[in-house]
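Residues per chain are reported as follows:
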Number of protein chains: 2
Amino acid sequence: MEQQTHLAGTVRPGGRTARVRAAVLEATQDELVEHGFHGLAMDQVAARAGVGKTTVYRRWGGPAGLVTDLMTELADRSAPHADTGSVEGDLLANAAGVLGAVADKRLGATLQAVIAAATCDEQAAAALREFYLRRVREWAKAVDLAVARGELPAGTDGMEVVRAVSAPIYYRLLVTREPVDEEVAARAVRTTLAAARAGAFVPTA
Amino acid sequence: MEQQTHLAGTVRPGGRTARVRAAVLEATQDELVEHGFHGLAMDQVAARAGVGKTTVYRRWGGPAGLVTDLMTELADRSAPHADTGSVEGDLLANAAGVLGAVADKRLGATLQAVIAAATCDEQAAAALREFYLRRVREWAKAVDLAVARGELPAGTDGMEVVRAVSAPIYYRLLVTREPVDEEVAARAVRTTLAAARAGAFVPTA
DNA sequence: CCCTTAATGGGTCGCAAGTTCCGTTAAGAT
DNA sequence: ATCTTAACGGAACTTGCGACCCATTAAGGG
């Protein structure tokens, strides 16, 4: 009677099902590094993971589903914000983290894939939005602490400060496609900090 | 003997060839608005343009070729930088222009398509890079004038200032996929200007 | 106005991505 | 240990993108 077909993998998630998922996500990352999102073929992923392609189609539906699952996996592993004692130190740590993620062969390919997938798949877009919302919220705490210490003006919007540090890095990566190096990250922190100290991140100011 | 096959459309560019190009690019934009880059089918474009699909494949090769051509077309129509008399006015005008382009149904879809195409096609990436290099160079003049007027510190990197205004807008559009409104544009100008006045855009400072 | 041939366009074909079918394997409950 | 059935996987089948062939049209030169 209950014709409700559970999404495959939710009723017996242990043993083989878990191994298949791990193998497929691993293979997906390998494929992304080699061919990028546009060249992500379900066929290849299945073969590399050593599982049947039917399984990959059934559980993930398509390339977008694969990278979305990958993103939720990454979201769980994200680290808490730094606390070096100064805003400058914290923001530099944040910029270094973003730069590191983007520069990393495997992680960078995955991030770009999710961003690409988000342009044509609503689930991927939602996962991406959620991921960055969490990260920005987490790091905004560091800015709030700086405000509490009196390093920055009261009322400074912490989330906007954090976004301002990442923005130039992603702008180069995605729009102008120029190389992204420490110089870019350092300038992002320097300019954001100058603006924050001047009170430019205080709303209605 | 001369087996050199010229790229189709270069020897007799007048009359029909020009009409076909115009119709195809027009149809491409329509399709982009409706289905986005991922759903851009050569078949559909040809049908909508009222030309044979063979022609579209022969002259543009694929979806990436279409949007690349579209981008070179847009590049020619780009306007010169504003000159309102103050940096603030000029940067606000720039931010408004970017916001307007991104918000515009047709132009916005095209821009996003080129950005998407750039992730999997080197020609599209090059066209995109070139396009923004030109635009940034053009608007950097306004910043240079401001430096000459004494509004900003000597040595301020004009191109970086212009990039800093656009970055938050594109960051939201592509990465966090939050809505982009005037508030975002206004804040981008406000923070960039504060940083510039503080000398944060002067290299080796 | 005529001629050469660049450029177009309809029709067809091959291949690879994606779907369906159904038998096989092994989770997880008793 | 045994049973039920969730989940997997091989193989055949369908679909549609992109390539090719060749007849037709019209640009541009004389």
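The rules we used
- Residues numbered from 1 in each chain as written.
- Chains lettered and ligands numbered in written order.
- Predicted model: local features only at pLDDT ≥ 70, side-chain atom pairs only at ≥ 80, totals over all residues.
- Heavy atoms only, no water.
- Helix = DSSP H or I, 4+ residues; strand = E, 2+ residues; numbered from the N terminus.
- Polar contact = N/O pair within 3.5 Å; in protein donor to acceptor, adjacent residues only side chain to side chain.
- Contact = heavy atoms within 4.5 Å.
- Buried area = accessible area lost by both parts, 1.4 Å probe.
- Salt bridge = Lys/Arg side-chain N within 4 Å of Asp/Glu carboxyl O.
- Nonpolar A, V, L, I, M, F, W, Y, C, P; charged D, E, K, R; others polar.
- Core = buried A, V, L, I, M, F, W, Y, C linked by side-chain atoms within 4.5 Å.
- Buried < 20%, exposed > 50% of the residue type's maximum accessible area, 1.4 Å probe, protein only.
- Least-squares fit on C-alpha atoms with pLDDT ≥ 70 in both.
- Phe/Tyr/Trp six-rings, centres within 6.5 Å; stacked < 30°, edge-to-face > 60°.

1. Here's the deal with the side chain of Gln29 of chain A
Residues and elements named next belong to chain A.
Part 1 of the argument: Examined against the element boundaries, Gln29 turns out to sit in helix H1 (residues 16-35).
Part 2 of the argument: Within the structure, the side chain of Gln29 is placed 3.0 Å from the side chain of Thr110, a separation counted as a polar contact.
Part 3 of the argument: Those residues within four positions of Gln29 in sequence are excluded, and the remaining contacts are Leu70, Arg106 and Thr110.

2. Description of the interface of chain A and chain B
Part 1 of the argument: With 32 residues of chain A in contact, the opposing surface of chain B contributes 32 residues.
Part 2 of the argument: Summing both partners gives a buried area of about 3000 Å² for chain A against chain B, and 64% of it is carried by carbon and sulfur.
Part 3 of the argument: Linking chain A with chain B are six salt bridges.
Part 4 of the argument: As a salt-bridge pair, Arg187 of chain A and Glu160 of chain B come within 3.3 Å of each other at their nearest N and O atoms.
Part 5 of the argument: Summed over the shared surface of chain A and chain B, the result is ten residue pairs in polar contact (both at pLDDT 80 or more).
Part 6 of the argument: Of all the elements in the fold, those that place two or more residues in the side of chain A that touches chain B are helix H6 (105-118), helix H7 (122-149), helix H8 (158-176) and helix H9 (182-197) of chain A.
Part 7 of the argument: In terms of residues, the side of chain A that touches chain B owes the most to one element, H8 of chain A, which gives eleven residues.
Part 8 of the argument: Looking at side-chain class alone, the side of chain A that touches chain B contains 19 nonpolar, five polar and eight charged residues.

3. As for the nonpolar core
Part 1 of the argument: Counting 136 residues, the largest nonpolar core has Val24 and Tyr170 of chain A together with Val24 and Tyr170 of chain B as the members making the most contacts within it.
Part 2 of the argument: The element that contributes the greatest number of residues to this core is helix H7 (residues 122-149) of chain B, accounting for twelve residues.

4. Describing the relation of the copies chain A and chain B
Part 1 of the argument: For the pair chain A and chain B, the superposition axis carries a translation of 0.0 Å, the fit reaches an RMSD of 0.1 Å, and the rotation angle comes to 180°. Here the transformation between the copies is reduced to the relation of a two-fold axis. By C-alpha distance to the rotation axis, the residue of chain A lying nearest is Ala195 of chain A, at 2.3 Å.
Part 2 of the argument: In this assembly, 100% of the residues forming the interface of chain A have copies in chain B that are likewise at the interface, indicating an isologous arrangement.

5. Considering the packing of aromatic side chains
Part 1 of the argument: For the structure shown, the criterion picks out six aromatic pairs over all chains.
Part 2 of the argument: Arranged with centres 5.7 Å apart and planes meeting at 90°, the rings of Tyr132 of chain A and Tyr170 of chain A form a pair that is edge-to-face. Note that Tyr132 of chain A is positioned in helix H7 and Tyr170 of chain A in helix H8, a separation of 38 residues in sequence. With respect to class, Tyr132 of chain A is no different from Tyr170 of chain A; both count as buried.
Part 3 of the argument: Plain terms: the ring middles of Phe131 of chain B and Tyr132 of chain B are 5.1 Å apart, the flat faces sit at 80° to each other, and that makes the pair edge-to-face.
Part 4 of the argument: For Tyr132 of chain B, a relative accessible area of 5% translates into the label buried.
Part 5 of the argument: Ring pairs connect the aromatic residues Phe131, Tyr132 and Tyr170 of chain A together with Tyr171 of chain B, which therefore count as one cluster.

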